[in-house]
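Commentary on secondary and tertiary structure
Given next are the chains, with one letter for each unit.
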Protein chains: 2
Amino acid sequence: MNHDCPLCQDVGGELIWQNDFARVILADEALYPGFCRVVLQQHVAEMTDLIPADRQQLMEIVYAVEQIIRSTLQPHKINLAALGNMVPHLHWHIIPRWQDDPHFPAPIWATTQRDAAHPVTAAQLTALKQQLSSL
Amino acid sequence: MNHDCPLCQDVGGELIWQNDFARVILADEALYPGFCRVVLQQHVAEMTDLIPADRQQLMEIVYAVEQIIRSTLQPHKINLAALGNMVPHLHWHIIPRWQDDPHFPAPIWATTQRDAAHPVTAAQLTALKQQLSSL
């Protein structure tokens, strides 16, 4: 627990699932519906700061989220990233990407190329949340 | 093997280590000395297209590279990413980040904030390559 860390102090998005080890949140990113984050509950910066069993446990949650995003939203591509330059508390971005999304084929951190999000229906988002909540 | 895929057709950087399953290359990124990529030898797009044992095998190489980058270059942070929007052939970016690097604390795909790379010595790069080559 780090008192200056936003991911120790707050959930960081819409909480969809959690256990003692990690949580899954829906990121509050209007241009990227279905963008999820897997956040370690503990304040640790790097994958190699974790013991191998914990690295694997964290990635198994990341893969489960990726699988559910793929089956419910059918994106063209999945982007996975653990950066943590501003918030050095392990969190994985799992980002559904479409050819008509605001940055494709560039990373979402590059300059925007289009104005609007790829359309995702309310039914798709509901299915995503339902499946994630029973991880 | 995909005849239109640059990572099927070429190594994609300076080859440091490989086996039948994956290879480690030093990226040709002047602003990011020590930037490595772990490239699957097979043309597969997503982590969840691999069987779980192969996902784990790939990540163990990523962690080994991360560990060696950390011990030889002592960066402030490691960034891990598997994007593949332009080249949908699994490859992990393992990027050493420093507070004085061209984009810190933003992702390396954002707008540049500084002109020059963080200084890395020839001895550090030699140690990095030597340790990676005996993975």
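Definitions and limits used
- Residues numbered from 1 in each chain as written.
- Chains lettered and ligands numbered in written order.
- Predicted model: local features only at pLDDT ≥ 70, side-chain atom pairs only at ≥ 80, totals over all residues.
- Heavy atoms only, no water.
- pLDDT = per-residue confidence, 0-100.
- Contact = heavy atoms within 4.5 Å.
- Salt bridge = Lys/Arg side-chain N within 4 Å of Asp/Glu carboxyl O.
- Polar contact = N/O pair within 3.5 Å; in protein donor to acceptor, adjacent residues only side chain to side chain.
- Helix = DSSP H or I, 4+ residues; strand = E, 2+ residues; numbered from the N terminus.
- Nonpolar A, V, L, I, M, F, W, Y, C, P; charged D, E, K, R; others polar.
- Pairing = 2+ DSSP bridges.
- Buried < 20%, exposed > 50% of the residue type's maximum accessible area, 1.4 Å probe, protein only.

Summarising the model, chain A shows a mean pLDDT of 97, and 100% of its residues fall at 70 or more. Across the interface, the model reports ipTM at 0.97; the global pTM reads 0.98.

Once that is clear, we can look at the interface of chain A and chain B. Each partner contributes residues to the interface: chain A has 32 residues there, and chain B has 32 residues. Seen at the junction of chain A and chain B, the total is four salt bridges. The partner of Glu46(A) in a salt bridge is Lys77(B), with the nearest N and O atoms 2.8 Å apart. Where chain A touches chain B, the interface holds 23 residue pairs in polar contact (both at pLDDT 80 or more). When residues of the side of chain A that touches chain B are traced back to their parent elements, those giving at least two are helix H2 (52–73), strand S4 (77–82) and strand S5 (91–97) of chain A. For the side of chain A that touches chain B, the element with the most residues is H2(A), which contributes seven residues. Broken down by class, the residue content of the side of chain A that touches chain B amounts to 18 nonpolar, seven polar and seven charged. Across three bridges, S4(A) lies against strand S4 (residues 77–82) of chain B in antiparallel orientation.

Turning our eyes to something else, we now look at the environment of Gln42(B). All names here are of chain B. As for its placement among the helices and strands, Gln42 is situated in the loop between strand S3 (36–40) and helix H2 (52–73). What makes Gln42 partly exposed here is its relative accessible area of 47%. Note: C-alpha distance between Gln42 and Asn2 (40 residues apart in sequence) is 9.2 Å.

Further remarks concern the pattern of salt bridges. Applying the stated criterion to the full structure yields ten salt bridges over all chains. For Glu29(A), the salt bridge goes to Arg37(A), with nearest N and O atoms at 3.2 Å. Judged by its relative accessible area of 34%, Glu29(A) falls in the partly exposed class. Here Arg37(A) falls in the buried class, since its relative accessible area comes to 14%. In this structure, the salt-bridge partner of Glu14(B) is Lys129(B), at a minimum N-O distance of 2.9 Å. Separated by 115 residues along the polypeptide, Glu14(B) in strand S1 (residues 14–18) and Lys129(B) in helix H3 (residues 122–133) bring together distant segments of the chain.

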